[in-house]
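# Remarks on the overall topology
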Amino acid sequence: MFGKQGNYERIIASIRIARERGATLRVGPELEIPGYGCLDHFLEGDTVLHSWEILGQILENEVCKGIVCDVGMPIIHKNVLYNCRVVIHNGKILLIRPKMWLANDGNYRELRYFTPWMKHRQTEEHFLPRIIQHVTGQTKVPFGDAVVSTTDTCIGVELCEELFTPASPHILMGLDGVEIFTNSSGSHHELRKLYTRVELIKEATLKLGGVYLYANQQGCDGDRLYYDGCAMIAVNGKIVAQGSQFSLNDVEVVSATIDIEDVRSHRTSKSRGMQAAGAERYQRIEVPMALSGEAKDFLGDVPISKGIEVRYHKPEEEIALGPACWLWDYLRRSKTQGFFIPLSGGIDSCATSVIVYSMCRLVAEAAARGDKQVIADARRIAGEPSESLWMPTDPRELSNKIFHTCYMGTENSSSDTRGRAKRLAEAIGSYHIDLNMDAIVLAVRNLFAVVTGVKPKFRVHGGTEAENLALQNIQARIRMVLAYLFAQLLPFVRGRNGGLLVLGSANVDESLRGYLTKYDCSSADINPIGAISKTDLKKFILYARDAFKLPVLDDFLNAVPTAELEPITETYVQADEADMGMTYDELSVFGRLRKVEKCGPYSMFTKLLHEWGTTLSPDQIADKVKRFFFEYARNRHKMTTLTPSYHAESYSPDDNRFDLRPFLYPVRFPYQFAKIDKLVETIPDQSNKPTADKSKVD
């Protein structure tokens, strides 16, 4: 985003690589010239102007000759802003194809900026700006829903969301003889999402026949999303080429050699022919070139790309890679000198730290491959002098230079958590410090006592719930203040310039439940695990223990999650799930039903009757649902200040753009809860009865 000159260089690099591989058609990701993540900046005339300027440079570049290129940018046509693909060849614009079906749910707000093209299978004349007229010699070009016809095949354009719609454009284009479909996408990563995307791409050409070229952005585009690449080429329902899903590469090109006759053979079925014979016609924009070469030039020399097995990462691998790549992009683009995290000895800050270590491993691997950009960025971030020859090939050494961890103990902290934090820091190589902050906590308590004449006490010492909660929050908030102090000054202490980014480590379930202190260590610059469940984080730690050779992680897996904000006694040790009144597994279920299944209290209760009814009574299920919604509602205000988090989960409570809800609720939901109670009275308790034989029920 905004790095338009950098985007120009990456676009040219991708075209150069494509040509070197003998490609005659190149497709890039959605809105690749300005970047997909410009958001409200799309409404600025400057964004459109600068995009035209970059397109002019692309058209003039000699590397773009002899190849058909599909690039993306915003264009104003008749005073309306459209999300467009621009198909170019030999310094000329062949077609401007505006997007027809816009993404406008979840994290997407395309209707806020763009208008969909509603004149399907129609084109108009678009008068080019003078800066482009001088380059192409054209005054006007076709604008609208058309296809491009070469001397040997036909190409149709589909944009991102259009693949996901029930009546995708590729269906009608394919019936009208289009054989190659391009899809330029801005699709972000979400755990377990890739399978859906791959199946849609395969299905697009399985029944219809054809070649499908899918290009997606890769990297952080300036906000909470990580675009997970995985460019693909499919032929007749089979994936023949697949790019990486997670990578530190600035440019990645996926190529394949296909036999267009395979498409024609696939389309010989009579039922397809009958539908095609009655298909409506698309306007064809003719280009005097062939995508294929002469047969004599290829026979025996260039193998045809065959179907491959699609590579899917396990969710725990996705956690190891996606947030790590996002952190690296954020770190290098923010021009800061590293990260700082309060390392509590619990599994959440442990997971965040291991993700940073995973990032260091990815950097070391890229440096070992000779990636010049990664090496240059790592040297700059680590504070190396310009003439330095240091190579960031050791992840622990890199971690020590850029990652700072701190155990902030109090009288309520245990030696177990302090020891775990120290051992983890040693294992991953972070620059670690250990402190006790009791003097600061006591000073705040004494200040309150002097001003009010009342000295608050913990519950175990006879204090009220209000006193107990306030004393916990004092500790939590002081940690946040200290975190920013050390993040600002540790580089100075180590003889360097600049500051550090503070990392948060609240998981998605705790945010959903509101089990965090507003403006405590959950308040940070960014949070790589803020949209990841505790259940998935545990699986990730188990994976990282073996994959990264970190046996110390066993200690974290076996520990009981605790905030350690209350005094430990012989009869009481604070535990997260006991504090919350629900388990992390239950929170994941509540979260998915609330957001993904769009359930309110009543419909959530009725669904859980079927899921939990054999193990819990209707009364127990009702109590759990009401407890969840009560806690969710009274803590929703905390989401308005939630640290920007890597988006990884479909039930994230992120208030910024993904999960738009009020933050002032009638927390006891009087109408809904009363309806639940009335229903409970009529339902028999099935919790002690054996589960029915499903085959008999069917």
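Quick caveat: nothing in here was measured; it's all calculated off a predicted structure.

This part is about the nonpolar core. Of all hydrophobic cores here, the largest spans 57 residues; its most connected members are F339, V354, M359 and L553. When residues in this core are grouped by element, the largest group, twelve residues, is from helix α11 (residues 347-368). For F339, the residues in contact, after removing those within four places along its chain, are L327, L331, V356, M359, I402, F403, H404, L500, L501, L503 and I526. Counting residues in each nonpolar core, the second largest holds 43 residues, with L55, Y82, V86 and I96 among its members.

The next thing to look at is the pattern of salt bridges. Summed over all chains, the structure comprises 45 salt bridges. Linked by salt bridges that have partners in common, R594, K595, R636, D655, D659 and R661 make up one network.

Turning next to helix α16 (residues 465-493). Taking 1.5 Å of rise per residue, 29 residues should cover 42 Å, and α16 covers 41 Å from first to last C-alpha, within 8% of that figure. A bend of about 30° at A487 is the largest found in α16, and the proline P491 appears one to four places after it. G495 lies just past α16 and shows a positive phi near 80°.

With that settled, the discussion passes to the packing of aromatic side chains. Here the structure, examined in full by the defined rule, presents 26 aromatic pairs. With centroids separated by 5.5 Å and ring planes inclined at 40°, the aromatic side chains of F669 and F673 adopt a geometry described as tilted. For F669, a relative accessible area of 7% puts it in the buried group. Classification of F673 by relative accessible area gives buried; the value is 10%.

All right, on to the side chain of D377 then. In this structure, D377 sits in helix α12 (residues 372-381). Here D377 falls in the buried class, since its relative accessible area comes to 8%. Setting aside residues up to four positions removed in sequence, D377 forms contacts with W328 and R332.

Turning our attention to the pairing of strand β4 (residues 92-98). With six of seven residues buried, β4 is to be regarded as a mostly interior element. Pairing of strand β3 (residues 80-89) with β4 involves six bridges; the strand directions are antiparallel. In the sheet register, H89 faces β4, and the bridge partner there is K92. With antiparallel pairing between neighbouring strands as the criterion, β3 and β4 make up a hairpin whose turn holds two residues, including N90 at a positive phi of roughly 50°.

Here strand β16 (residues 339-342) shows a buried face lined by F339 and I341 and a second buried face lined by F340 and P342. With four bridges connecting them, β16 and strand β17 (residues 403-409) associate as parallel partners. Each residue of the ladder has a partner; that of P342, found in β17, is C406.

Time to look at the sheet that holds strand β15 (residues 284-286). Strands sit in the order β14-β13-β10-β9-β8-β7-β15 across an open sheet of seven strands; the sheet is mixed. Whereas interior strands pair on both sides, the edge strands pair on one side only; in this sheet they are β14 (238-242) and β15. Each strand of the sheet is rotated relative to its neighbour by a mean of 25°, with strand direction disregarded. Where strand β13 (residues 232-235) and β14 come together, four bridges link them in antiparallel fashion. Note that in β14 the partner of V235 across the bridge is K238.

A few words now on a nonpolar patch on the surface. A surface patch of nonpolar side chains, about 410 Å² in accessible area, is lined by L485, L489, F492 and V493. With respect to the element layout, L489 can be found in helix α16.

We now examine unusual backbone geometry. The phi torsion at N79 lies on the positive side, around 65°, for a residue other than glycine. Take N79: it is sitting in the loop between β2 (68-77) and β3. Classification of N79 by relative accessible area gives exposed; the value is 77%. A positive phi angle is found at C160, which is not glycine, with a value near 35°. Note that C160 resides in the loop between β8 (154-159) and α4 (161-164).

Now for the sheet that holds β17. Pairing is parallel in the open sheet, where four strands are placed in the order β18-β17-β16-β19. The open sheet has two edge strands, β18 (431-436) and β19 (501-502), and neither has a second partner. Where β16 lies against β19, two bridges are found, and the strand directions are parallel. Within β19, the position partnered with F340 by the bridge is V502.

For the coordinates displayed, the defined rule picks out four cavities of 30 Å³ or more. Counted as a void, the largest cavity has a volume near 120 Å³. Around the largest cavity, the lining is made up of 14 residues, and of these Y36, L39, N107, R109 and Y113 lie nearest the centre. Class assignment of the residues belonging to the lining of the largest cavity gives a composition of eight nonpolar, two polar and four charged. Along the walls of the second largest cavity sit R224, A531, L642, T643, P644, S645, Y646, H647, S652 and D654, which together make up its complete lining. Tallied by class, residues from the lining of the second largest cavity come to four nonpolar, four polar and two charged.

Once that is clear, we can look at the environment of R361. By the element assignment, R361 lies in helix α11. Classification of R361 as partly exposed rests on a relative accessible area of 23%. Spatially, the C-alpha atoms of R361 and D394 are 7.7 Å apart, while their sequence positions differ by 33 residues. Not counting the four nearest positions on each side in its chain, R361 is found in contact with P395, A547 and F548.

Turning our eyes to something else, we now look at the packing of helix α21 (residues 584-595) against helix α23 (residues 618-634). When two helices pack together, you describe them by how their axes are tilted relative to each other and by the distance separating the axes. Remark: α21 packs on α23, axes separated minimally by 11 Å, with the N-to-C direction vectors making an angle of 75°. Here α21 is positioned roughly perpendicular relative to α23, judged by the angle of their axes. Packed against α21, whose contacting residues are E586, L587, F590 and R594, the element α23 presents K624, V625, F628 and Y632 at the interface. Looking at the contact of α21 with α23 residue by residue, the classes come out as five nonpolar, no polar and three charged.

Calculation criteria
- Residues numbered from 1 in each chain as written.
- Predicted model: local features only at pLDDT ≥ 70, side-chain atom pairs only at ≥ 80, totals over all residues.
- Heavy atoms only, no water.
- Core = buried A, V, L, I, M, F, W, Y, C linked by side-chain atoms within 4.5 Å.
- Buried < 20%, exposed > 50% of the residue type's maximum accessible area, 1.4 Å probe, protein only.
- Helix = DSSP H or I, 4+ residues; strand = E, 2+ residues; numbered from the N terminus.
- Contact = heavy atoms within 4.5 Å.
- Salt bridge = Lys/Arg side-chain N within 4 Å of Asp/Glu carboxyl O.
- Expected span 1.5 Å × (residues − 1).
- Bend = angle between axes of the 7 residues up to and from the residue.
- Phe/Tyr/Trp six-rings, centres within 6.5 Å; stacked < 30°, edge-to-face > 60°.
- Pairing = 2+ DSSP bridges.
- Axes fitted to C-alpha atoms, helices over the stretch in contact; angles between N-to-C directions.
- Patch = residues over 30% accessible without salt bridge, like charges linked within 9 Å, V, L, I, M, F, W, Y side chains within 5 Å.
- Areas by Shrake-Rupley, 256 points an atom, 1.4 Å probe, with all protein chains shown as cover.
- 1 Å grid on protein atoms, 1.4 Å probe; cavity = no way out; pocket = protein on both sides within 12 Å on 5 of 7 lines; lining within 4 Å.
- Points joined across faces, edges and corners; volume = space filled by probe spheres on them.
- Nonpolar A, V, L, I, M, F, W, Y, C, P; charged D, E, K, R; others polar.
- Parallel < 35°, antiparallel > 145°, perpendicular 65-115°, else oblique.

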